[in-house]
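The lines below spell out each chain.
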Amino acid sequence: MAKIKKKGTSGAAKNYLTRTQAVKKLQISLANFRRLCIFKGIYPREPRNRKKVRKSATHSTVFYYARDIQYLLHEPVLQKFRDHKIFAKKLKRHIGRGDYSSAKRLQALHEPQLSLDHIIKERYPTFTDALRDLDDALSMLHTFANLPSFNGIPPDTIAECERLCHEWQHYIMRTQSLRKSFLSIKGIYYQAEVNGQDVLWLVPYKFAQNSPIDVDYRIMRTFVDFYKVLLGFVMFRLYTMEGLVYPPKFDVLADSKGAGLRAFSLETKGVKILENGSTANGTPAAIEGKDVSKQLKTLSEKIAIISTIDTEETTTTTLTTTATQDVAATEPEFDSFPTALSTGDVLPQPDTTSTSSSGIFSNCTFFLSREAPRPPLEFLLRSFGCRRIGWDIVLGDGFFTDNEKDPNITHQVVDRPPQQGPGGEVEVVRGGRVPGRIYVQPQYVWDCVNSGKLLRPDGYGPGEVLPPHLSPWVKRGEGYDPTAPLPEGEEEEEEGGEEEGEENEDEEIVDGEEKSEKKATKKVIATNESEDDEDAYQGMTIDTANTDDEDEEEEEETEEESEAESKLTKNGKSKSKLTFPEVEDEDDLSDTELAARQHQAEIEAEALGKPAPAPKTRKGKKTAAETKREREEAEEKEMAKIMMPRKKRKLYEKMVYGNKKREAEVKELQDKRRKIEKEKKGEIRSGRRNEV
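Computed from a predicted structure; not experimentally measured.

Some details on the packing of helix α10 (residues 134-145) against helix α12 (residues 217-241)
Here's step 1: One can describe the packing of α10 onto α12 by two numbers: an axis separation of 9 Å at closest approach and a directional angle of 115 degrees. With respect to the hand of their crossing, α10 and α12 are arranged in left-handed fashion. On α12, the residues touching L134, D136, A137, L138, M140, L141 and F144 of α10 are M220, R221, F223, V224, Y227, K228, L230, L231 and V234.
Here's step 2: Each residue belonging to the contact of α10 with α12 can be placed in one class, and the counts come to 13 nonpolar, no polar and 3 charged.

Side note on a negative patch on the surface
Here's step 1: Residues E632, E633, E635 and E636 make up a contiguous surface patch of negative charge.
Here's step 2: Looking at where E633 falls in the secondary structure, it is placed in helix α23 (residues 624-643).
Here's step 3: We classify E633 as partly exposed; its relative accessible area is 43%.

Some words on helix α2 (residues 19-26)
Here's step 1: Turning to α2, its buried residues number three or more, namely A22, V23 and L26. Along the axis of α2, the buried residues cluster in a sector spanning 100 degrees; they form a single face. Among the exposed residues of α2, those oriented more than 90 degrees off its buried face are T20 and K24.
Here's step 2: Here the buried face of α2 lies against β1 (16-18), α3 (30-40), α5 (66-72) and α6 (76-97).

Details of the sheet that holds strand β13 (residues 438-440)
Here's step 1: Here we have 4 strands laid out as an open sheet, ordered β9-β8-β10-β13, and parallel in their pairing. Looking at the sheet topology across the chains shown, the edges are occupied by β9 (388-391) and β13. Across the sheet, the mean angle from the axis of one strand to that of its neighbour is 25 degrees, orientation sign disregarded.
Here's step 2: With 3 bridges connecting them, strand β10 (residues 411-413) and β13 associate as parallel partners. From the neighbouring strand, Q412 faces β13, where its bridge partner is Y439.
Here's step 3: Sheet strands touched by helix α17 (residues 374-383): β8 (365-368), β9 and β10. Its angle to β9, the strand with the most contacts, is close to 165 degrees.

Thresholds, definitions, all that
Residues numbered from 1 in each chain as written. Predicted model: local features only at pLDDT ≥ 70, side-chain atom pairs only at ≥ 80, totals over all residues. Heavy atoms only, no water. Axes fitted to C-alpha atoms, helices over the stretch in contact; angles between N-to-C directions. Helix = DSSP H or I, 4+ residues; strand = E, 2+ residues; numbered from the N terminus. Left-handed = near helix turned anticlockwise from the far one by under 90°. Contact = heavy atoms within 4.5 Å. Nonpolar A, V, L, I, M, F, W, Y, C, P; charged D, E, K, R; others polar. Patch = residues over 30% accessible without salt bridge, like charges linked within 9 Å, V, L, I, M, F, W, Y side chains within 5 Å. Areas by Shrake-Rupley, 256 points an atom, 1.4 Å probe, with all protein chains shown as cover. Salt bridge = Lys/Arg side-chain N within 4 Å of Asp/Glu carboxyl O. Lys, Arg positive; Asp, Glu negative; His and termini not counted. Charge placed at Lys NZ, Arg CZ, Asp CG, Glu CD. Buried < 20%, exposed > 50% of the residue type's maximum accessible area, 1.4 Å probe, protein only. Arc of directions from axis to C-beta. Pairing = 2+ DSSP bridges.

Remember, this is a structural readout, not a statement about activity or role.
As structure tokens, then:
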């Protein structure tokens, strides 16, 4: 008889462990298990069949790979967690006994220190891998740098996050690696290119806020602890590659005065070490600590000897150096990657405009008004070549100038509505404008950065309605584009008819009033005549003379109308009329009759020298050929959909659903824009009427 298999010992159940089983196997608390999983990058997994994986009758919600939990058994951080548990028991015992001096000494000398350096090296074997995973790290650190300190977040963590963010911004400004930026509801998005990798991060707006209570800050702090170590490794490598000393010097006094980025000062290394870790003779770099003071003393003598070379040699060297400079000055040639097939996807080509647009503000001197956001504007302007930025002394220290009337200022950023001055005049800038200076709103800087050139200041002046601020990562033609004109449709035609009618009413207000008065008088006369007729009918008396007079007047009116129409046809201003009898509703005509009407109208238009009218179709109805064609296409799509595999069919349905959803969103935004434009036109017309 075969051996009976025990449930959960083979198959899919053996590959998964529940969270409770993992905690019991590692013998740590649930909070430490979460921290360990975040540090090591181990996350829950979703099995294909929960019933096969479940080992008990209880409903399990979180599963992990068994090999991941087995991998955690040999983690050094696990032993640190256990040591910290022992330390917490000893500290609690000393505090319970009232021996505070021993507790303080124990905490200062024997508290276990957690190190994550080996985890960083394990998770990111190469520097490129660390750069690819830098988006979330920068966004999280910038978020914590703007939070207020409270019990869940100590002030030391906030200060360290702010320091790392400023070091990152200094590197971006020095290398001019920033490429794009966008103002959104969440905050400000930035994208930089570092060592060929695109890094995108989000910086929240600075404003006073209350931290929510329903957020678990312990998990967020665990991520912050890991990201601080990661960004420290990355910044050390980046600064070393640029020949800078890391960490940069920090001026506490300047920071207390609100200097911000200007509180940090970068220093270059005096003696650079070879990157390959060896000297020129091939010996290992173990002699890095050798005293180089003697070499520095003889350095000036060597420079003097080199400067006394013969003139012939200097001329030859100058020729060669100029030739090499000319070669280096030429723009680098980038390889193109054409597609092998005409139907294939277009491969991304290298961007040649990123280097040319890095100094668009190099010839400008900006002054930031007190209401403008200084930190993001300073970061953007310095990243794109601007070296002279002034601002009001209220915004902090570190400015180029705090004099708003400085003649060297070329651009001033103003972000306040026009106000009425003391003399009754409307002033846009406090204290009046300076002649020859360009006044713009903050969006001008972002639009210049995204366009890669210095834009015209028209439309960005103080108090003006700004153009739409579009995301630089959305391609034109995908989704709603507020700069594109509205598509022509039935709604626009209806609105056009209404607008034409309203314009005619605006132009003929007086005529309309006169016509309404005439209609009113005619109605009164008609009511009087009808009352007289009723009285006469009741008295059984009928005046035949009045009826004869009315018939004569109608005949005269018809003769006058026929004469007027004959005059119009002679002048060539009459509308083309069909020879066969008209039908009030075109929907009652058949297809042949409708085609005949269209053909007759084209002939008459050609005889009069006018363009042929557009073919008319019945409103709300389609021809038999169109309906047949649409029905055949729908049947073909349905047959092709039936022949698809189930997986591809579901994917196709999701794609169709997504496209319809996007089209509905675009249509909703277009309708909203159409309604706003219609309201603006109505306001303009009402103003004209009031003037009349």
